[in-house]
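For reference, the chains in residue letters:
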Amino acid sequence: MTELSTGSGHTSAVNSASFNHDGPRIVSASTDNTIKLWDAADLSAALATGTGHTSAVNSASFNHDGTRIVSASDDNTIKLWDAADLSAALATGIGHTDEVSSASFSHDGTRIVSASYDNTIKLWDAADLSAALATGTGHTVCRVARAVDPSIGCASSLGVGGALVSIPWLGP
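Definitions and cut-offs
Residues numbered from 1 in each chain as written. Predicted model: local features only at pLDDT ≥ 70, side-chain atom pairs only at ≥ 80, totals over all residues. Heavy atoms only, no water. Helix = DSSP H or I, 4+ residues; strand = E, 2+ residues; numbered from the N terminus. Buried < 20%, exposed > 50% of the residue type's maximum accessible area, 1.4 Å probe, protein only. Contact = heavy atoms within 4.5 Å. Areas by Shrake-Rupley, 256 points an atom, 1.4 Å probe, with all protein chains shown as cover. Polar contact = N/O pair within 3.5 Å; in protein donor to acceptor, adjacent residues only side chain to side chain. Pairing = 2+ DSSP bridges. Axes fitted to C-alpha atoms, helices over the stretch in contact; angles between N-to-C directions. pLDDT = per-residue confidence, 0-100.

## Quick word on the overall build of the protein
Helix and strand counts for the protein come out as zero helices and 15 strands. Counting every position in the protein, which comprises 172 residues, the buried fraction comes to 45%. In the protein, 39% of the contacts between residues at least 6 apart in sequence involve partners at least 24 apart. On the protein, roughly 7900 Å² of surface is accessible, and the fraction owed to carbon and sulfur atoms is 52%.

Set out below in structure tokens:
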């Protein structure tokens, strides 16, 4: 494997990085409380920085069409961002009682699932983060292992002990 490029710009550890669906952009999440948007062909400087979280950001990922980003943070929140403008979060999901380790979009972009050290996963309407639609409990959550999947009718996550927890899909 050959390294193609290195991006630097975060002032602390980078917890995650992911491509948008088509591949020309990357979003990264850092313990410096920020997310950064990068051009995958040129990592010499970040294109934009999102500064809305008040604690480490553990994950950030694009929706399928690349227009939105969701981030998960140690400040117990998830945030929704316009991928074209990271100057301010569009919405904040408040409901977890401990650090949020990860969040991701459903394939159709209408739902977000988040995983937290409060031992829950939460399902959110991506258009309205004012309250979670459903909460799944049952294990210690580390990361969302499988995002919302309407074909099987649920959202699921993989916990530390390997147990799988599912919550109803509540799809449109």
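Moving on, there is more to tell.
## Comments concerning the environment of Asp75
Turning to its location among the elements, Asp75 is positioned in the loop between β6 (68-73) and β7 (77-82). Take Asp75: its relative accessible area is 17%, and that puts it in the buried class. Separated by 18 residues in sequence, Asp75 and Val57 have C-alpha atoms that sit 8.2 Å apart. Those residues in contact with Asp75 that lie beyond four places of it in its chain are His53, Thr54 and Ser55. Among the polar contacts listed, one links the side chain of Asp75 to the side chain of Thr77, at a separation of 2.5 Å.

## Structural notes on the pairing of β6
The buried fraction of β6 amounts to five of the six residues, a majority that puts the element mostly inside the structure. For strand β5 (residues 57-62) and β6, the ladder comprises five bridges, and the chain directions are antiparallel. For Ser61, the partnering residue across the bridge sits in β6 and is Val70. Joining the antiparallel neighbours β5 and β6 is a turn of five residues, in which Gly66 adopts a positive phi near 75°. Remark: three residues form the turn of the hairpin made by β6 and β7, two consecutive strands paired antiparallel; Asn76 in that turn has positive phi of roughly 75°.

## Overview of the environment of Trp81
By the element assignment, Trp81 lies in strand β7. Here Trp81 falls in the buried class, since its relative accessible area comes to 0%. In sequence terms Trp81 and Ala60 are 21 residues apart; their C-alpha atoms lie 9.9 Å from each other. In this structure the side chain of Trp81 is engaged in a polar contact, spanning 2.8 Å, whose partner is the side chain of Ser71.

## Here's the deal with the sheet that holds strand β4 (residues 48-50)
Reading across from one edge, β1-β2-β3-β4 is the order of the four strands in this open sheet, with antiparallel pairing throughout. The open sheet terminates on both sides in strands that have one partner only, identified here as β1 (14-19) and β4. Pairwise comparison of adjacent strand axes, ignoring direction, gives a mean angle of 20° for this sheet. Sheet analysis places β1 next to strand β2 (residues 25-30), joined by five bridges and oriented antiparallel. From the neighbouring strand, Ser18 faces β2, where its bridge partner is Val27.

## Section: unusual backbone geometry
The backbone of Asn76 shows a phi angle near 75°, a positive value even though the residue is not glycine. Looking at where Asn76 falls in the secondary structure, it is placed in the loop between β6 and β7. A relative accessible area of 23% places Asn76 in the partly exposed class. One non-glycine residue, Asn119, lies in the positive phi region at around 70°. In this structure, Asn119 sits in the loop between β10 (111-116) and β11 (120-125).

## As for the confidence of the model for the protein
Looking at the protein as a whole, the pLDDT averages 82, with 76% of positions reaching at least 70. Within the model, pLDDT remains below 50 along residues 141-172, and this stretch shows 96 contacts once partners closer than five positions in the same chain are excluded.

## A short note on the pairing of strand β12 (residues 134-137)
It is a general feature of regular strands that their side chains alternate between the two faces of the sheet. Residues Ala134 and Gly136 point to one face of β12 and are all buried, whereas Thr135 and Thr137, pointing to the other face, are not buried. Relative to β12, β11 is paired through four bridges, and the arrangement is antiparallel. Residue pairing for β12: Ile121 is matched across the bridge by Gly136.

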